Amino acid sequence: MQRRNFLKNSSAAAAGLISTPLITSCKDQAAAKIVETETTKTLHPITICTWNFENATAKAWEVLAAGGSSLDAVQQGAMVEEADVNNQTVGVGGRPDRNGNVTLDACIMDKDGNCGAVLCMQHIASPVSVARKVMEDTPHVMLAGRGAEQFAYEKGFKKVNLLTEQSKKEWLEWKKTSEYKPIINIENHDTIGILAIDKNGAISGACTTSGMAYKYAGRVGDSPIIGAGLFVDNEIGAATATGVGEEVVRTVGSFLIVELMRQGKSPQEACEEGVKRIMAKNKDRTDFQIGFIAINKKGETGGYCIQPGFTYRTYSEDGHVNNPSKSFL
Ligand code: SD4
């Protein structure tokens, strides 16, 4: 949406508030609060994503600014990273499993709690788009492996080679030793989780990844699991995760964060508590990274991680910012 329209909306809303009659009862006060909430909702579309994915958030913002839905915004933002061969943790160019196969995980969730996911799917460039088709065109939430791939072909997706020369070269190098240890914040940590609120106050989210590099064949992390890698509750807000998925699954991280916001925590406080729960279960471990981001109904955002180095990007009418996240360590 053009800034002009925001201003127009805001003056109309302000005019509405000014002309509100004198409040005489509790009922009136409650009604006035609703007007205020509605006003806030319609004025501040915003998108937020894990890491510094400037092109992804720019795309999502383009959709929101044109008056598009948050569902389209998160899908199209995520697709930017899926198509980027230089991002070796998402979509085309993702690092393979230990057998040399690139397997992708993704999910998407809308304001009504509708959701779709694909797990361990090969040969399809945009798993988030297939996840959306699962959500919209099937009675199911998740499709996995060959079934997901077959479904994608039926929906018109093309078969592509996801393994780039670069990722293949690194995998062959890894095979020489098979002593793989991820480098925190560099390898394994470019998963995009993206959340958005549109001009109608509708919240949506998406998450897409090729998962942990050189994983066991068939391994699935948190990213396509609703509640773990992503959760949206339009009454409260949304959260998404990046990092070592096994730990996020164990705490149902994104659902936990949304529930913490329901209990009154800010997005920042909720993300911090989410990471603390994980660290409480991993007292002796400091060798892994997890980052959470969250947004609430008012458009307030937050992020928190285990290791320094995680950032998250926000994009709204106020501009786009790469925010350094506070960390547990
Ligand atoms: C996974 N959470 O498969 C993903 C990996 C990740 O940034 O987030 N990388 O466990």
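As shown above, the structure is provided for reference.
Below, the structure is looked at part by part. Being a predicted model, the structure only gives us computed values, none of them experimental. Along each chain, residue indices are assigned from 1 in the same order as the chain's sequence is written. Only residues with pLDDT of 70 or above have their local features reported here, since the model is predicted, and side-chain atom pairs are shown and tallied only from 80 upward, although totals for entire chains, interfaces and linings are computed over all residues. In computing side-chain properties, one takes all heavy atoms of the structure into account and sets aside hydrogens as well as water.

### Concerning the packing of helix 9 (residues 253-262) against helix 10 (residues 267-280)
Where we set the bar: Here an axis means a line fitted to C-alpha atoms, over the contact stretch when the element is a helix, while the angle between two N-to-C directions is reported on a 0 to 180 degree scale. Counting from the N terminus, the helices are the DSSP runs of H or I reaching at least four residues and the strands are the DSSP runs of E reaching at least two. The labels follow the angle: roughly parallel below 35 degrees, roughly antiparallel above 145, roughly perpendicular from 65 to 115, and oblique for the rest. Two helices cross in a left-handed way if the nearer one is turned anticlockwise from the farther one by less than a right angle. They cross in a right-handed way if the turn is clockwise. Throughout, a contact is declared for two residues whenever any of their heavy atoms are within 4.5 Å. When residues are grouped by polarity, Ala, Val, Leu, Ile, Met, Phe, Trp, Tyr, Cys and Pro land in nonpolar, Asp, Glu, Lys and Arg in charged, and all others, Gly among them, in polar.
Where helix 9 meets helix 10, the closest approach of the two axes is 9 Å, and the angle between their N-to-C directions is 135 degrees. Relative to helix 10, the element helix 9 is oriented oblique. When the axes of helix 9 and helix 10 are compared, the crossing they make is right-handed. Taking contact as the criterion, the partners of Leu256, Ile257, Leu260 and Met261 in helix 9 are, on helix 10, Pro267, Ala270, Cys271, Glu273, Gly274 and Arg277. The residue makeup of the contact of helix 9 with helix 10, split by class, is seven nonpolar, one polar and two charged.

### Brief notes about the sheet that holds strand 8 (residues 237-243)
For clarity, the cut-off: Strands were regarded as paired on the criterion that DSSP finds at least two bridges between them.
Pairing is mixed in the open sheet, where five strands are placed in the order 7-8-9-10-13. Only two strands of the sheet have a single neighbouring strand rather than two, namely strand 7 (230-233) and strand 13 (326-327). In terms of strand pairing, strand 7 meets strand 8 through four bridges, oriented antiparallel. Counted as the bridge partner of Val232 is Ala238 from strand 8.

### Examining helix 7 (residues 165-177)
Note the following rule: Each residue's exposure class comes from its accessible area (1.4 Å probe, protein chains only) as a fraction of the maximum for that residue type: buried when under 20%, exposed when over 50%, partly exposed otherwise. Summarising the geometry, the arc corresponds to the directions from the helix axis toward the C-beta atoms.
If you check which residues of helix 7 are buried, you get Ser167, Trp171 and Trp174. Looking down the long axis of helix 7, one finds its buried residues gathered within 60 degrees of arc, a one-sided arrangement. Of the residues in helix 7, the exposed ones pointing more than 90 degrees away from the buried face are Glu165, Lys169 and Lys176. One or two steps after helix 7, the chain reaches Ser178, where phi turns positive at roughly 55 degrees.

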